[in-house]
Structure formats: structure tokens, C-alpha cells
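Coordinates in review
This is what each chain is made of:
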Amino acid sequence: MPRVELKDITVRYGRLEALKEVNLVVEDGSYTVIAGPTGAGKTTLLKVIAGLVKPSHGSVIVDGKDYTMLPPEDRNVGYLPQGYALFPHLTVWENVTFGAYCRGWSPEETEEVARRVLNMVGLIGRAESYPGELSGGMAQRTALARAIASGASLILFDEPLSALDLMLRLILRYEIRRMVKSLGLTVIHVTHDHEEAMSIADKIYLLRSGEIVESGTPEELYMRPRDPFTAYFIGESNLYRGVLKDGRVQVGGLELDTAFDDYDGEVLVALRTRRLFPGVKLDNTFEASVAEVRFLGRYSRIILESHDLKFTVEAPTVKIGWIRKGETVDVGVKREDVLVYPYKYALKYPEILEAVGNA
Amino acid sequence: MPRLELCDVSKYYGRIKALEKVNLTVEDGEYLAVIGPSGCGKSTMLKVIAGIVEPTRGDVRVDGRSIVGLPPEDRGVGFIFQNLALFPHMTGLENSMYGLLTRETATDEALNMVRKLRMEFGFRARLSRLPGELSMGEQQEVAILRAVASGAKIMLLDEPLSSIDAKVAVEVRRKLREVVKSKGLTALHVTHNQEEAMSVADRIAVMRKGRILQVGKPEELYYKPRSPFVMAFVGDASFLTGTCRGGRAVVRGGYDLGPCDMPEGELIVIGVRPESIVFGRGIPGKVRLRSYLGSLIRYEVELENGDIVTAVSEEEQGENVKVWFEKYKVFKYPREGLTEALSPG
């Protein structure tokens, strides 16, 4: 069963470095997500694993064997590229069972897996259709089903949901995970959608400009991001410029207690929108006026103003349904949820500096 | 000031019914969002209002007067498209002034108006640059400026944020609503993204297969959906099938969930929101999937009776749990079957 290891992978296109010394481990049976903004090198990374791009440097190890020079067809990898390619002359059913057929599975086994995946993607009723007769969303779901049923034990998904409507995206992301877990497959899934990454990953590798910024479980990256880019990209944060001294940080007219005391000076302060608790007294509690309340369903979004700062808060509607625009509320934030980073580390991320400006 | 009405509007392409008897009123100054899966007819509806497509039947009225048959430029509507459609060879400023100049506004007056709007909205787009040199967020600002500066009082927005990075889109949503509200515009915003609709709109219309299923405030659609499709489309929901027995909702495995206001023996669908599910008592089940969401954890639980439900909790739950439904919605079992009733169409 597949355990994938990338060692010091560098890919150069002329002078451009698409990947820079990427190290990564995907445990057997795990669901790993490579997340990052457009142009981060995510697709290149998948192609290196699939064997479609030869790294300029470094090695691809699968179950201890060196795959770096192995041709793609010998890698036992199911790959769903971003622009999915279905066989136009084969029906949905034939497309989905193609991999199993090539591997010589028994008809019974093939039929059972094909039925399951087509049921999952809601296309069992269209099994006899040709790709040309399907909508874009249906074609994407067929391609997804084909990759899962390909018979490979390692599956690579490149943005498998991004072409779909949000509703389908939200439903399918969980179903994909359920399905591959029940089949015992190992998955590497590439996405620019941080919520998608958080929802389904066992482990996330965050990629930016060809480099791994940080890796961890969704919870680790949300609660304790070590890099400011993680605090910015994974989950939503309020970002400010502040000054840290003796473990207390000064932001605007506000002073907050932090869990960091090994640095004094200018810092980037990140407050998670879901780690600010209105109506709760915590390590840090301050008064804020409610500028806006927006109902979003399970969560509500509140804009608060205090000490010349604006805070966006997202909290479960059942917890904050009582809050009205124009009121004054106490806002609690735990010491360890006040994330601070030396400001000089934020300077290499223009997108963060822009977001700080917006606050 | 403009009140926009669609009266029994149908649009057929051969045998395909893109719109079927659509009735919808957008009040003066209202921000209304239309959501639905792709192919539900929502873009066709915008095109009918803009005058790009003529309806097969029915009328479109602005303040009571029909605008069907008028050329697009005389309808008093501004349009923001998915791809923004900025003129690539014109600077941000020239793009923004375009509508004014075609109406023969003096150049310096147009210039002043655009600058004033930019200030008023707090936009930071560098207007001296070509669209290709601007970030997506800035291009979006230019598109907004162009639509608003044209003087149109009705704003039609067709998936305006779908080509922007999600991080930037959240910020632009807020700007869009602010602009529409501060200028007293009437806005109709089409999107497949229900979260986007929830964050910008006063009211939302849910469409499927060319028809409007329900119109209401975000809260109404979320708490009082009139069909399983609307319930699923505006938020996370789980559905169980059951029967109404003696005024009680009874599901597979014989579990009595509580009162049910349906005729005896009626086949029913029970819809439940994740936050209405409590842990610690009720139907036994096993946790199949756990997702971390920031302040909540989302659990998919396979119940003893085989049904799968989605719940959220602040606390860590073990593998074996018990769950109970504190609130639920009861629907008549749809004739076409539950799977079909929930499918995008």
C-alpha cells in the first residue's frame, strides 16, 4: 500500500523555479491536501508524483522504491487532471469501468465499484450517456468517479470540485472522502479553497511560490499557525500591525495579553474570525460596538468596532442571535488565540500587507 | 425610483423551458439575490431584464411601465458581468467614464463624477492603469464604478464574484452591498453561491428548472424552507424518510422524533440542520467523519438505522455517540422521490 515521499524536489522551467526543495510525506491511507493560491506550483507537484513532469532535482519515493525515473503508466496512480479528459466515444459506465477493465478485475467486482461511485456522484441514471450529452458538472463528476474506480491505490485530484456549483461542491467533498476512505485509498488532493482543505484533509501542506510554507492537521494550521501566511490563507483572520512588549501587544488603542514573550518589537497580529467570542469574558475582554450583523445560516457574521479597529467575527448563530446592530458587547479572546509574528516575516507577503491595509 | 417586476415571464428555446411563469418583484432600493444550480434559468432572467433576450411570454416592468421591446441602452439598467468585460485598451478611468461619455456628459464632469464615486466608495483601484495591470479586486472596483457612474438605477449582477479569488471576494461582497445601499440602487444579483447571496442580499429567490421555488429573507429561507431542495440549497441539512403515525414523525428503526402535522400514514421527509442535533441522548450511531471548522466541529454520524446525519458540536465526541433532533422540518415525501427532489435538476 502506498506511502509517498518527496525528497528535495525542485522543478525548473528555464529560469523559473516552479518548485523549490519540496519535502513531503503522505502516509498510506491518508487524505492529504495541497492547498495554496493560484500559481503556487500545486499542479506541478501532482505531475511530479504522476510522472508527467521530471523533477530537475530530488526524488519521488513510493513504498521505499525510487519512482523518480519510472514512466507514468508503471506508477499505479489514478490522476484526475484539472481539465478532465473523458473518452468521448465511451459511455459514462464504460469510462468509469475502463481502469478496472485494464487491470482485469472480475466483472462482479467491477460492477460493484462502478455502481457505488456512480451512485455517489448521482449519475447512475446516466450510465448509458456519452460525455457529449452531459453538462459540465456531470462530466466533472464522471471524471471523479473514473479516478476513484481506476483501481489505483494512490489517487491524485487536481481541483476536482472547482468547476462545480457551490452546493454540489459542499456535498461532494465529504462524499469523496467517505468513498476513498471506505475503499482504503491514499489521496493527494490539490485545491485553492481553504475551506475545502480544512473540511476533508487529514493533513494539509500549504504551498506558496513553489515552497512549502507549513504543514499540519487542519486544527493545527487553524489554531497555531507558525507562519503568518498560514494565518492569512487557512481560515479567515483579522490582520493588524501592532507592537509587542513583555508579552502584551498594542494594536490601535487596544492592549492584548498574548502567549508570546520571546520577542519585542513590531508585529503582525492575527485574530481568527472564529476565535473572537462576543458576550464571553476571557483572558482578554474588551467592549465593542456592533456595526453590522449578517445572518449566514449556521454562522452569523458581525462587524465590530473598538479602539479605532474593525473586527470581523463569525460565530454560530445560536450563540450570537441576540446581538443587534448599534449595541455594545463584550468580546472575549483567549491569550493563545492572539497570534503574533515579527512584522519583518510578513513583509515578504504582499497579499498580507494589502489585507492589513484593509483592516 | 425603480421598482422592478417580472410578470409571468416565460422563455422557451424550442422545447426547453428556460423560464416558466416567473413572477418576481424587486422593490425600490432592494438588494435581491437569485440563487440556483447552473442551468436553472437565473442568467436567462437577467438577460430578459437587460433586453439581451426577449421573453416568449410575460412582461417586465419598471415602476409599472413595460420595458419589453426597448433596446438595452434605453432600459436604465447597469450590468456587471462574470468576466467583468472591461475594455482592455482603456485605462480604469476611461472604462469608468465610458457610460457617461456615451451619454455626452462633458469629459471634466465625467472625470469629477468618477473621482467622487471612487472616494465615496473608498476604492483603491489605480485608475490610470490598464485592466491587465490591475489585480482582480481592482478590476472589480472599476466594473462597479463603470456600472454606477452610468447613472443606471437598476443594477444587474451576473455571477460578479465567481472569477475572483475567494479571499478577495469576501471583501468585494461587502463593497457591493455598501455601494448599492448608499446610492439607493435596486439590485438583482445572480449567483450559484448561496453564501455570497446570504452575505449581500435583503431577500433571496431560489430557482430550479426555470421556476422560482421560494422568495424570502435569508433567515426565512434558512428556518422556514418550503421544500427539501430549498432547505439543502441554503445550508447544510440532513434528510430522513419516515411516516406520520398518530401525529408523530416516525423514522426507520421505529424512532419517534416528535410531533408531525401531517395526515395519518403520510410518507414524510424530515429535514434537520446540523446545529439542531444534540449529542448525548437519542439514537445511537457511529462517527464516520470529523471536520474541524474553527469554533465548531462537524460530524457525520451513521445512525443505527442506516441513515447518515450531519451534526456540529463545540465538544470532542468519541466514535460511538447518541444524537437527538431538537428541531426539524417535516415535508410531504416528494412524488419524484427524495434523490430527484434534491438534485440540481
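Residues numbered from 1 in each chain as written. Chains lettered and ligands numbered in written order. Predicted model: local features only at pLDDT ≥ 70, side-chain atom pairs only at ≥ 80, totals over all residues. Heavy atoms only, no water.

1. Considerations on the overall build of chain B
In terms of regular secondary structure, chain B is built from nine helices and 19 strands. For the C-alpha atoms alone, the extent of chain B along its principal axes is close to 75 × 45 × 30 Å. Within chain B, buried positions represent 56% of all 345 residues. Long-range pairs, those at least 24 residues apart, make up 64% of the contacts in chain B with a sequence separation of at least 6. Surface accessibility of chain B: about 15100 Å² in total, with carbon and sulfur atoms responsible for 49%. Each charge class in chain B can be summarised by its mean position, and for the 48 positive and 46 negative side chains these summaries are 2 Å apart. (Helix = DSSP H or I, 4+ residues; strand = E, 2+ residues; numbered from the N terminus. Buried < 20%, exposed > 50% of the residue type's maximum accessible area, 1.4 Å probe, protein only. Contact = heavy atoms within 4.5 Å. Areas by Shrake-Rupley, 256 points an atom, 1.4 Å probe, with all protein chains shown as cover. Lys, Arg positive; Asp, Glu negative; His and termini not counted. Charge placed at Lys NZ, Arg CZ, Asp CG, Glu CD.)

2. So, the interface of chain A and chain B
Opposite the 40 residues of chain A that make contact, chain B presents 44 residues. The three residues of chain A that bury the most area against chain B are A:M167, A:F295 and A:R298, which together make up 22% of that side's buried surface. Summed over the shared surface of chain A and chain B, the result is five salt bridges. Salt-bridge contacts for A:R178 lead to B:E300; the nearest nitrogen and oxygen are separated by 2.6 Å. The interface formed by chain A and chain B holds 13 residue pairs in polar contact (both at pLDDT 80 or more) in total. Considered class by class, the residues forming the side of chain A that touches chain B number 18 nonpolar, seven polar and 15 charged. (Buried area = accessible area lost by both parts, 1.4 Å probe. Salt bridge = Lys/Arg side-chain N within 4 Å of Asp/Glu carboxyl O. Polar contact = N/O pair within 3.5 Å; in protein donor to acceptor, adjacent residues only side chain to side chain. Nonpolar A, V, L, I, M, F, W, Y, C, P; charged D, E, K, R; others polar.)

3. A closer look at the pairing of strand β10 (residues 211-216) of chain A
In this sheet, β10(A) lies alongside strand β9 (residues 203-208) of chain A in antiparallel orientation, the contact comprising five bridges. Paired with A:L207 across the bridge in β10(A) is A:I212. (Pairing = 2+ DSSP bridges.)

4. As for the domain arrangement of chain A
In many analyses, interface size is given as the accessible surface area lost on bringing the parts together. Segmenting chain A into domains produces domain 1 (4-220) and domain 2 (236-357). Computed over C-alpha atoms only, the centres of domain 1 of chain A and domain 2 of chain A are separated by 37 Å. (Domains from an automatic or database assignment.)

5. Things to note about the side chain of A:D165
Looking at the secondary structure, you find A:D165 in the loop between β7 (154-158) and α5 (166-182). Buried charge A:D165 goes without a salt bridge, the closest partner of opposite sign being B:K42 at 5.3 Å. There is a polar contact of 2.5 Å between the side chain of A:D165 and the backbone nitrogen of B:S38. Beyond its immediate chain neighbours, meaning those up to four positions away, A:D165 contacts B:G36, B:P37, B:S38 and B:H192.

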